[in-house]
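Overview (structure and organization)
Chain residues, written in single-letter form:
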Amino acid sequence: RSPAELAQPRVHLPAMVGGVVHHVLHDLEQAGMLSASDGEVWRMLGEARLALGHFAEAEAAFEAALRAKLEVAAVYRGLADAQAGLGQVEKALESYGNCIRMRLDNPRSYLARGTFLARQKRYQDAIEDYGRALMLEPELAEALYKRGFALGLVGKFDQAERDREL
């Protein structure tokens, strides 16, 4: 796959498929057949481990992908999700920022960071990211819903109601 295809928003693997991929790649890793320079394989391993909730292993795999020079938005997004799962707030924010810088035109990256910020109770920052996502993709229902919810939490009830009506 081309770097442009890899930078497209991630699709979470179903747990069963993630488990199969995880075991196959884990076996290759244990057998020494995984090359440290194969960034795409490390990204896939990170995705599989993330899908299974193995955040520390996912973080390590995504970091290996970066060391292998696979610097695409999907790797930074996976790394951020793994770091978020580990409670590494500042690292996750940095990785979400790197993901966004890789593809400024990707509304799902802003949506992901906004969701993370909302979980950290940083509602105003989340509202801004949801707004950026909506500027790029006005029909992104999830961003509209989440922005409306966050607006309600900061007391902007009229704006929240408008978002919920759309």
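Treat the numbers as computed from the prediction; the structure is a model and nothing was measured.

A few words now on the pattern of salt bridges. Side chains that differ in charge, positive against negative, can pair when their charged atoms come close. Enumeration over the complete set of coordinates arrives at 11 salt bridges. E47 is the salt-bridge partner of R43, the closest N and O atoms lying 3.8 Å from each other. Separated by four residues within a single helix, R43 and E47 lie in helix α3 (residues 39–51), roughly one turn from each other. Overall, R43 belongs to the buried group, its relative accessible area being 9%. On the basis of relative accessibility, which here comes to 6%, the residue E47 falls in the buried class. In this structure, K146 and E142 form a salt bridge, with 3.1 Å as the shortest nitrogen-oxygen distance. Pair noted here: K146 and E142 are both in helix α9 (residues 141–153), with a separation of four residues, about one helical turn. Overall, the relative accessible area of 22% leaves K146 in the partly exposed class.

A few words on the packing of α9 against helix α10 (residues 157–165). α10 packs onto α9 with a crossing angle of 160° between their chain directions and a minimal axis gap of 8 Å. Taken as axis vectors, α9 and α10 run roughly antiparallel relative to one another. Crossing geometry of α9 relative to α10 is assigned as left-handed. Of the residues in α10, those touching α9 at L144, R147, G148, L151 and G152 are F157, Q159, A160, D163 and R164. The residue inventory of the contact of α9 with α10, partitioned by class, reads four nonpolar, three polar and three charged.

Right, let's talk about the packing of aromatic side chains for a bit. Applying the stated criterion to the full structure yields one aromatic pair. With centroids separated by 5.5 Å and ring planes inclined at 40°, the aromatic side chains of Y96 and F116 adopt a geometry described as tilted. Taken as a pair, Y96 in helix α6 (residues 89–102) and F116 in helix α7 (residues 107–119) lie far apart in primary sequence, 20 residues in all. An identical accessibility class is assigned to Y96 and F116; each is buried.

Its 13 residues place the ends of α3 18 Å apart at the C-alpha level, agreeing with the 18 Å of an ideal helix rising 1.5 Å per residue. The element α3 is largely enclosed, with a buried count of 10 among its 13 residues. Looking at α3, one finds that the buried residues are G39, V41, W42, R43, L45, G46, E47, A48, R49 and L50. Once α3 finishes, G53 follows within two positions and takes phi at roughly 80°, a positive value.

For any part of a model where pLDDT is low, the fine detail of the predicted coordinates should not be relied upon. Per-chain confidence: the protein averages 86 in pLDDT, with 80% of residues scoring 70 or above. The low-confidence segment residues 1–15, where pLDDT is below 50, has 30 contacts with residues more than four positions distant or belonging to other chains.

So, about unusual backbone geometry. Its identity as a non-glycine residue notwithstanding, K69 has a phi of 70°, on the positive side. On the accessibility criterion, K69 (68% relative accessible area) is exposed. With phi around 65°, K121 is a residue other than glycine that occupies positive phi space. Along the chain, the position of K121 falls in the loop between α7 and α8 (123–136). Judged by its relative accessible area of 61%, K121 is exposed.

Parameters at a glance
Residues numbered from 1 in each chain as written. Predicted model: local features only at pLDDT ≥ 70, side-chain atom pairs only at ≥ 80, totals over all residues. Heavy atoms only, no water. Salt bridge = Lys/Arg side-chain N within 4 Å of Asp/Glu carboxyl O. Helix = DSSP H or I, 4+ residues; strand = E, 2+ residues; numbered from the N terminus. Buried < 20%, exposed > 50% of the residue type's maximum accessible area, 1.4 Å probe, protein only. Axes fitted to C-alpha atoms, helices over the stretch in contact; angles between N-to-C directions. Parallel < 35°, antiparallel > 145°, perpendicular 65-115°, else oblique. Left-handed = near helix turned anticlockwise from the far one by under 90°. Contact = heavy atoms within 4.5 Å. Nonpolar A, V, L, I, M, F, W, Y, C, P; charged D, E, K, R; others polar. Phe/Tyr/Trp six-rings, centres within 6.5 Å; stacked < 30°, edge-to-face > 60°. Expected span 1.5 Å × (residues − 1). pLDDT = per-residue confidence, 0-100.

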